[in-house]
Amino acid sequence: EVQIKVDSDSVGKAGVLVRVNNIAENSGAKHQIFAYNDQSYYVYIDHNGNVGLTKHNFNSVDIEKLKFTSSPFDTHTLKVVANGNKLSVYVNGELKIEYTDVNDAYVTGKVGLHSEACTATYSGFKVGPIA
């Protein structure tokens, strides 16, 4: 769970990487994960007020994206519950996306914060018990 505020000058997206595995190194910047250079799920909020879920497997496959607000530049709470091969995505406490991965699901891995073409402020980042 994390609170995210996307900067009003941004044109991209910001969110959480879940169950990150096989991170590719990037020109000496080992602390950075560039888009698609891993195996993970990426849950994000974008500058158009959408919430989305993408699966990375050294590429990017959009799973779902839907409009959730007309005020994307406010602070929003993004929460991901990962249980086995099922992901549940909440925005401001409301369930928005439920996805069960039946095709080579990632069931373990790291978590992290990630943004693309976006300046964002993150606060209150929490990781709960493993499910």
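Residues numbered from 1 in each chain as written. Predicted model: local features only at pLDDT ≥ 70, side-chain atom pairs only at ≥ 80, totals over all residues. Heavy atoms only, no water.

1. Digging into the side chain of Asp38
- Structurally, Asp38 can be placed in the loop between strand S2 (13-21) and strand S3 (39-46).
- Notably, Asp38 is buried but unbridged: the nearest opposite-charge side chain belongs to Lys110, and the N-O separation is 10 Å. (Helix = DSSP H or I, 4+ residues; strand = E, 2+ residues; numbered from the N terminus. Buried < 20%, exposed > 50% of the residue type's maximum accessible area, 1.4 Å probe, protein only. Lys, Arg positive; Asp, Glu negative; His and termini not counted. Salt bridge = Lys/Arg side-chain N within 4 Å of Asp/Glu carboxyl O.)

2. Here we look at the pairing of strand S7 (residues 86-91)
- Taken together, the 6 bridges between strand S6 (residues 75-83) and S7 define a ladder with antiparallel strand orientation. The partner of Lys79 across the bridge, within S7, is Tyr90.
- What sits between S6 and S7 in their antiparallel hairpin is a turn of 2 residues, with Gly84 showing a positive phi close to 65°.
- Taking the residues that link successive antiparallel strands as the turn, the S7-strand S8 (residues 94-100) hairpin has 2 residues, and the phi of Asn92 there is positive, at about 55°. (Pairing = 2+ DSSP bridges.)

3. Some words on the pattern of salt bridges
- Overall, the coordinates contain 4 salt bridges when judged by the stated rule.
- For Asp101, the salt bridge goes to Lys55, with nearest N and O atoms at 2.7 Å. One end of the pair, Asp101, is in the loop between S8 and strand S9 (110-116); the other, Lys55, is in strand S4 (residues 50-57), and 46 residues separate them in sequence. Neither residue differs from the other here; Asp101 and Lys55 are each classed as buried.
- Between Glu98 and Lys86 there is a salt bridge, with the nearest N and O atoms lying 3.3 Å from each other. Of the two residues, Glu98 is situated in strand S8 and Lys86 in strand S7; the sequence distance between them amounts to 12 residues.

4. Comments concerning the nonpolar core
- One finds Tyr41, Val51, Leu53 and Leu78 to be the most contacted residues of the largest nonpolar core, which totals 22 residues.
- Here Tyr41 is in contact with Val16, Leu17, Val18, Arg19, Leu53, Thr54, Lys55, Leu87, Tyr99, Asp101, Ala105 and Tyr106, once residues within four sequence places are set aside. (Core = buried A, V, L, I, M, F, W, Y, C linked by side-chain atoms within 4.5 Å. Contact = heavy atoms within 4.5 Å.)

5. Looking at the packing of aromatic side chains
- For the structure on display, the rule yields 2 aromatic pairs.
- Ring geometry for Tyr42 and Tyr44: centres 5.4 Å apart, planes at 35°, overall tilted.
- Judged by relative accessible area, Tyr44 falls into the buried class, the value being 3%.
- Over the aromatic face of Tyr44 sits the side chain of Lys13, whose NZ or CZ is 4.3 Å from the ring centroid.
- Directly above the aromatic system of Tyr106 lies the positively charged group of Lys55, at a separation of 4.9 Å from the ring centroid. (Phe/Tyr/Trp six-rings, centres within 6.5 Å; stacked < 30°, edge-to-face > 60°. Lys NZ or Arg CZ within 6 Å of the ring centre and 35° of its normal.)

6. Regarding the sheet that holds strand S10 (residues 120-123)
- In spatial order, the strands read S8-S7-S6-S1-S10; together these 5 strands make up an open sheet with antiparallel pairing. Looking at strand neighbours, the two that pair on one side only are S8 and S10, the edges of this open sheet. The average angle at which neighbouring strand axes cross in this sheet is 25°, direction not considered.
- Pairing of S7 with S8 involves 6 bridges; the strand directions are antiparallel. The residue bridging Lys86 from the neighbouring strand is Thr100, located in S8. (Axes fitted to C-alpha atoms, helices over the stretch in contact; angles between N-to-C directions.)

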